[in-house]
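One-letter residues, chain by chain:
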Amino acid sequence: MPNIKSAIKRVRTNEKANAQNTSQISAMRTTIKQFETAQAAGAENTEALYRDAVRSIDMAASKGLIHANKAGRDKSRLAKLLAK
């Protein structure tokens, strides 16, 4: 643990940001998995789940949690899955 006051504050800030980022990435993965399982099961609400998944991917990309290319690749993969 650091002794300097600003370093102590920085550690606290980093822990808070890490928790926020981790939860956002986890939520993104959850929405993607919900869409994929609904698509595999042939559910009727796949378009709404697709929109939620794309929205969560875009939010993660805009916050810098995932790379823009990964966001595009994931959205493309989901769109391809939706079209089947």
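Residues numbered from 1 in each chain as written. Predicted model: local features only at pLDDT ≥ 70, side-chain atom pairs only at ≥ 80, totals over all residues. Heavy atoms only, no water.

S.K.: Could you give an account of the overall build of the protein chain, with specific residues and numbers?
M.R.: Summing up its helical and strand segments, the protein chain has three helices and zero strands in all. The secondary structure elements of the protein chain, listed N-terminal to C-terminal, are α-α-α. Seen through its principal axes, the protein chain has C-alpha atoms that stretch 60 × 25 × 15 Å. A buried classification covers 25% of the 84 residues belonging to the protein chain. (Helix = DSSP H or I, 4+ residues; strand = E, 2+ residues; numbered from the N terminus. Buried < 20%, exposed > 50% of the residue type's maximum accessible area, 1.4 Å probe, protein only.)

S.K.: Can you break down helix 1 (residues 5–41) residue by residue, with the values?
M.R.: Over its 37 residues, helix 1 extends 54 Å from the first C-alpha to the last, a length consistent with the 54 Å expected when each residue adds 1.5 Å. Among all positions of helix 1, only Gln24, Ile25, Met28, Thr31, Ile32, Phe35, Ala38 and Gln39 are buried. The inward-facing, buried residues of helix 1 contact helix 2 (46–62) and helix 3 (68–83). Taken from the residues just after helix 1, Gly42 is the one with a positive phi, measuring 80 degrees. (Expected span 1.5 Å × (residues − 1). Contact = heavy atoms within 4.5 Å.)

S.K.: Explain the packing of aromatic side chains to me, using residue names and the numbers behind them.
M.R.: Evaluated as defined, the whole model comprises one aromatic pair. Ring plane angle 55 degrees and centroid distance 5.7 Å describe the contact between Phe35 and Tyr50, whose orientation is recorded as tilted. Within this pair, whereas Phe35 is found in helix 1, its partner Tyr50 is found in helix 2, the two being separated by 15 residues in sequence. Across this residue pair, the class does not change: Phe35 and Tyr50 are buried. (Phe/Tyr/Trp six-rings, centres within 6.5 Å; stacked < 30°, edge-to-face > 60°.)

S.K.: Give a detailed account of the nonpolar core, specifying residues and quantitative values.
M.R.: Counting residues in each nonpolar core, the largest one holds 15 residues, and the members touching the most others are Met28, Ile32, Ile57, Ile66 and Leu78. Among the elements of the structure, helix 1, helix 2 and helix 3 are those that each provide at least two residues to this core. Per-element accounting of this core gives the leading share, six residues, to helix 2. When residues no more than four places from it in sequence are discounted, the contact partners of Ile66 are Met28, Ile57, Ala60, Ala61 and Ala71. (Core = buried A, V, L, I, M, F, W, Y, C linked by side-chain atoms within 4.5 Å.)

Geometric values such as these leave the question of function open.
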